[in-house]
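Secondary and tertiary structure notes
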Amino acid sequence: MSARVICLSGGVGGAKLALGLYRVLNPWDLAVLTNTGDDFEHLGLHISPDLDTVMYTLAGENNTQQGWGRADETWTFMEQLQRLGGASWFRLGDGDLAIHMRRTELLRQGKKLSEVTTELCRALAIQASVLPMSDDPVQTVVVTADGRELMFQHYLVREMAEPVAREFKFIGAERAQPNAGLLALLNNPELRAIIICPSNPFVSIDPILAVPGMLDALKACNAPILAVSPLVAGRAIKGPLAKMLAEQQLPLNALSVANHYQGLLSGFILDELDAELAGSLQIPVRITNTVMQSLDDRENLARTVLEFADELGR
Ligand code: FO1
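Because the structure is predicted, anything quoted here is derived from the model rather than measured.

**Quick word on the overall build of the protein chain**
When you go through the protein chain residue by residue, the secondary structure sums to 12 helices and 14 strands. For the protein chain, whose C-alpha radius of gyration is 19 Å, the value lies close to the compact-globule estimate of 20 Å for 314 residues. Seen through its principal axes, the protein chain has C-alpha atoms that stretch 60 × 45 × 40 Å. Burial status across the protein chain gives 55% buried among its 314 residues.

**A closer look at the sheet that holds strand S5 (residues 129–132)**
In spatial order, the strands read S5-S2-S1-S9-S10-S13-S14; together these 7 strands make up an open sheet with parallel pairing. The open sheet is flanked by S5 and strand S14 (285–288), the only strands paired with a single partner. Direction aside, neighbouring strands of the sheet carry axes that sit 20° apart on average. Pairing of strand S10 (residues 225–228) with strand S13 (residues 267–271) involves 3 bridges; the strand directions are parallel. Across the sheet, Leu226 pairs through a bridge with Gly267, a residue of S13.

**Focus: the environment of Pro49**
Its location among the elements puts Pro49 in helix H2 (residues 49–58). A C-alpha to C-alpha distance of 6.5 Å links Pro49 and Asp38, two positions 11 residues apart in sequence. Discounting chain neighbours no more than four positions away, the residues touching Pro49 are Asp38, Asp39 and Gln153.

Reading the values: rules and limits
Residues numbered from 1 in each chain as written. Predicted model: local features only at pLDDT ≥ 70, side-chain atom pairs only at ≥ 80, totals over all residues. Heavy atoms only, no water. Helix = DSSP H or I, 4+ residues; strand = E, 2+ residues; numbered from the N terminus. Rg over C-alpha atoms; globule rule 2.2 N^0.38 Å. Buried < 20%, exposed > 50% of the residue type's maximum accessible area, 1.4 Å probe, protein only. Pairing = 2+ DSSP bridges. Axes fitted to C-alpha atoms, helices over the stretch in contact; angles between N-to-C directions. Contact = heavy atoms within 4.5 Å.

See below:
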């Protein structure tokens, strides 16, 4: 059976809405097209932070306080690694290590990232399709004001997003191909909606859209494309989006996000605190609570987005 709702997601914020959709839909009706621009090799392991976050979240095993990693994690490995002088800036929990090791092992056997992800999802009893944006390596690089080119995890975690970001590059994107399974889903005449989750447009969604053919494939399909604002009252719920907008001299509000996706969207979902911005948008708008604190919030937002899509799709 093929999924009828596709959502585009980065890590924490995107995964919250993906979980809401997973719970209000038949779980197999959802495909989560996930950013892999954050992927990197660390301690000899292939780490896919956003795939990890999406999978742990759908499996109900995520650490809800931290936003990433597993619930009830232990840290013996990290403590010992630090004691031995190893890199401790990127924290890999004892249980979490297993997913990175298994992914790395399967990739070294010659499997594609999409095949490996399907296998990991099956093991975690996830019934939705979790689709890496591409099987080919794409690396998000942040060009800083002082001229350095930082791999995304180095910028975000090691340097705590402190450097001023001038530009974002998606190294390898020009040679990457979109996930083949996604292209098949986009051809499904029963496709109901494509939803851009409240993820960072510059470093979570743009890497997905930078894969050649992706944007055209999305635009060519019949289903409505909606985006949920990741900014509420000018602030990002998590992560450096507001700082990035300021560094690009863009207004700190949801309009900047809607404008960023210009030409792609059929509708935009604004938070109720931003209701006054609705009149400035040239596309249909739905106003609702987009702050997802509880599981109910995630499900309510998912229902509202799907209803809006059905109205627009008619
Ligand atoms: N985020 C942090 O802020 N600090 C960490 O030490 C860290 C470790 C980590 C390990 C595995 C994983 O899958 C994600 C991890 N993250 C960590 C989260 C990750 O850096 C971000 O959530 C995403 O890249 C943003 O989309």
